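# Analysis of the macromolecular model
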Amino acid sequence: MDNWTGGAHWLPDSGGFFFSALTADAKEFDQDVYLHRLLPAPVTQQQPIAWTRDRSYRMVTVARNGRYALAYERLDNPIPVAVADLRDSAWQWRPFITSYDGIVAGPVVGDRLIAVTDHSADRGRLVGIDL
């Protein structure tokens, strides 16, 4: 869909990548996230993420340590609505932060999301949230 957010987000084994794409006409802005696997044969699968809003900006990022993937929605005030532990061979998306109208965004460090948020802090604050 775009490179503004980094385009493809690769799995730690380089066997595939997540990407965002429009699912309808661009003016509708229906968007979803897909995983394209390269091996054993190329296949693209829509991700079963429980998004909280319709017609919202969506993307998946993979932590630098390769363990976690976070599914974000909203462009101006992003929140990670789902998380997956990629170490598990049968990993699944599970809800993470699903009912906050403000911002919660940042990198994964170890087993925590180190995020900037405006929750109870009009000028923002730094928090660590266990994944």
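All values reported here derive from a predicted model rather than from experimental measurement.

### Let's talk about the overall build of the protein chain
- If you tally the helices and strands in the protein chain, you get 0 helices and 12 strands.
- Reading the helices (α) and strands (β) of the protein chain from amino to carboxyl end gives β-β-β-β-β-β-β-β-β-β-β-β.
- In terms of C-alpha radius of gyration, the protein chain reaches 15 Å, essentially the compact-globule figure of 14 Å for 131 residues.
- The principal-axis extent of the C-alpha atoms belonging to the protein chain is close to 50 × 40 × 25 Å.
- Classification of the 131 residues of the protein chain by burial places 43% in the buried group.
- Sequence-distant contacts in the protein chain: of pairs separated by 6 or more residues, those separated by 24 or more amount to 33%.
- Of the charged side chains in the protein chain, 13 are positive and 16 negative, and the gap between their average positions amounts to 5 Å.

### Focus on unusual backbone geometry
- Residues Leu39 and Pro40 are joined by a peptide bond in cis, for which omega reads 0°.
- The topology assignment puts Pro40 in the loop between strand E3 (31-37) and strand E4 (43-46).
- Located in the positive-phi region is Ser14, a residue other than glycine, with phi close to 60°.
- According to the relative accessible area criterion, Ser14 is partly exposed, its value standing at 49%.
- A positive phi angle, close to 80°, is found at Arg74, a residue other than glycine.
- Note on placement: Arg74 falls in the loop between strand E6 (68-73) and strand E7 (79-85).
- Arg74 gets classed as buried once you look at its relative accessible area, which sits at 6%.

### Here's the deal with the packing of aromatic side chains
- A complete count under the given rule lists 6 aromatic pairs for this structure.
- Their ring planes at 65° and their centres at 6.0 Å tell us that Phe18 and Trp93 sit as a pair that is edge-to-face. Note that Phe18 is positioned in strand E2 (residues 16-22) and Trp93 in the loop between E7 and strand E8 (94-95), a separation of 75 residues in sequence.
- Among the aromatic residues, those joined into a cluster by ring pairs are Trp10, Phe17, Phe19 and Tyr34.

### Brief notes about the sheet that holds E7
- Strand order in the open sheet made by the 4 strands is E5-E6-E7-E8, with antiparallel pairing throughout. Two strands lie at the open edges of the sheet, namely strand E5 (58-62) and E8, each paired on one side alone.
- Bridge analysis of E5 against E6 gives 5 bridges, and the strand direction is antiparallel. Bridge pairing in E6 links Val62 to Ala69.

### Observations concerning the pairing of E6
- Within E6, 6 of the 6 residues are buried, leaving the element largely enclosed by the surrounding structure.
- The side-chain alternation of E6 yields two buried faces, one formed by Tyr68, Leu70 and Tyr72 and the other by Ala69, Ala71 and Glu73.
- Between E5 and E6, which follow one another and run antiparallel, lie 5 residues, and Gly66 among them has a positive phi close to 80°.
- Pairing between E6 and E7: 6 bridges, direction antiparallel. Across the sheet, residue Ala69 finds its bridge partner in E7, namely Ala84.
- Counting the residues in the hairpin turn of E6 and E7 gives 5 residues, including Arg74, whose phi is positive at 80°.

Rules used throughout
- Residues numbered from 1 in each chain as written.
- Predicted model: local features only at pLDDT ≥ 70, side-chain atom pairs only at ≥ 80, totals over all residues.
- Heavy atoms only, no water.
- Helix = DSSP H or I, 4+ residues; strand = E, 2+ residues; numbered from the N terminus.
- Rg over C-alpha atoms; globule rule 2.2 N^0.38 Å.
- Buried < 20%, exposed > 50% of the residue type's maximum accessible area, 1.4 Å probe, protein only.
- Contact = heavy atoms within 4.5 Å.
- Lys, Arg positive; Asp, Glu negative; His and termini not counted.
- Charge placed at Lys NZ, Arg CZ, Asp CG, Glu CD.
- Phe/Tyr/Trp six-rings, centres within 6.5 Å; stacked < 30°, edge-to-face > 60°.
- Pairing = 2+ DSSP bridges.

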